[in-house]
Amino acid sequence: VPSDLDPQTSSHHLIPLKRAYAKLRYLIDRGYTFVGHGLSNDFRIINVYVPPTQVIDTVNIFHLPNRRKIALRFLAHYLLSHSIQADVHDSIEDARTALLLYRKYLELRAEGRFHEVLEHIYEHGASVAWQVPDTR
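Thresholds applied
- Residues numbered from 1 in each chain as written.
- Predicted model: local features only at pLDDT ≥ 70, side-chain atom pairs only at ≥ 80, totals over all residues.
- Heavy atoms only, no water.
- Patch = residues over 30% accessible without salt bridge, like charges linked within 9 Å, V, L, I, M, F, W, Y side chains within 5 Å.
- Areas by Shrake-Rupley, 256 points an atom, 1.4 Å probe, with all protein chains shown as cover.
- Salt bridge = Lys/Arg side-chain N within 4 Å of Asp/Glu carboxyl O.
- Helix = DSSP H or I, 4+ residues; strand = E, 2+ residues; numbered from the N terminus.
- Buried < 20%, exposed > 50% of the residue type's maximum accessible area, 1.4 Å probe, protein only.
- Core = buried A, V, L, I, M, F, W, Y, C linked by side-chain atoms within 4.5 Å.
- Contact = heavy atoms within 4.5 Å.

A. Expanded view of a nonpolar patch on the surface. A contiguous nonpolar patch, built from L17, Y21, I45 and I46 and spanning about 380 Å² of accessible area, is present on the exposed surface. When you line up the elements, L17 lands in helix α1 (residues 17-29). Residue classification places L17 among the exposed positions, given a relative accessible area of 59%.

B. Layout of unusual backbone geometry. Unlike most non-glycine residues, S81 shows phi in positive territory, near 55°. Not every positive phi belongs to a glycine, and W130 is a case in point at roughly 60°. Take W130: its relative accessible area is 18%, and that puts it in the buried class.

C. Summary view of the nonpolar core. With 23 residues, the main nonpolar core has F62, I70, L79, L118 and I121 as its most contacted residues. Ranked by residues supplied to this core, first place goes to helix α4 (residues 72-80) with six residues. With residues near it in sequence (within four places) discarded, I121 still touches F62, I70, F74, L75, Y78, L79 and W130. Core analysis: the next-biggest nonpolar cluster, separate from the first, contains eight residues, I28, L39, V50 and V55 among them.

D. Broad picture of the pattern of salt bridges. This model, assessed by the stated rule, comprises three salt bridges. Across the pair R25 and D29 runs a salt bridge whose closest N-O atoms are separated by 3.2 Å. Taken together, the residues span about one helical turn, with R25 and D29 both in helix α1 at a distance of four residues. With a relative accessible area of 37%, R25 lands in the partly exposed category. Two residues, K104 and E107, come together in a salt bridge whose shortest N-O distance is 3.3 Å. With K104 and E107 both in helix α5 (residues 91-110) and three residues apart, this pair spans about one turn of that helix. For E107, a relative accessible area of 37% corresponds to the partly exposed category.

Function-wise, these values are silent; they only describe arrangement.
Next comes the structure, spelled out in C-alpha cells:
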C-alpha cells in the first residue's frame, strides 16, 4: 500500500524530518496528550520517549489480556462503520480514526457497556478471521 509520507505521492503538505522532531519535542515538553493507535511502537521506532501519562493508545484500550491486539482498520469498521486504509495508508486518517475510537470508548464506558462491547468485538473478529469486508 502506498504511503502518504512519500513526498512523490502524498497529497499532504510534508515538513522536513528535523522540523517534525522539533515540533514533537515541543508538544511533549509542554505536556500535550497524544491519542493514536500503536503509538508506543511509533515512538519507539523514532526513538522518542513520551511519558505514559501523555499517551492514550487505542491499541491498548481495545485489548483484552492474553488476546490479540486489534487492528485499527477492524475497530474502525466494527465500532464506527468506517472503511479506512483501503487503497493508500493515510496517517492523518489513522489519527482521526484513533481519536474517534477514543471518543467511542469514553461513550461506551459512560454507558457501562465497554467490556461487553469489547467481548463482542473479539467474538465477531474471530468469526470473520479479523477480516474487514472490501468496500472499494
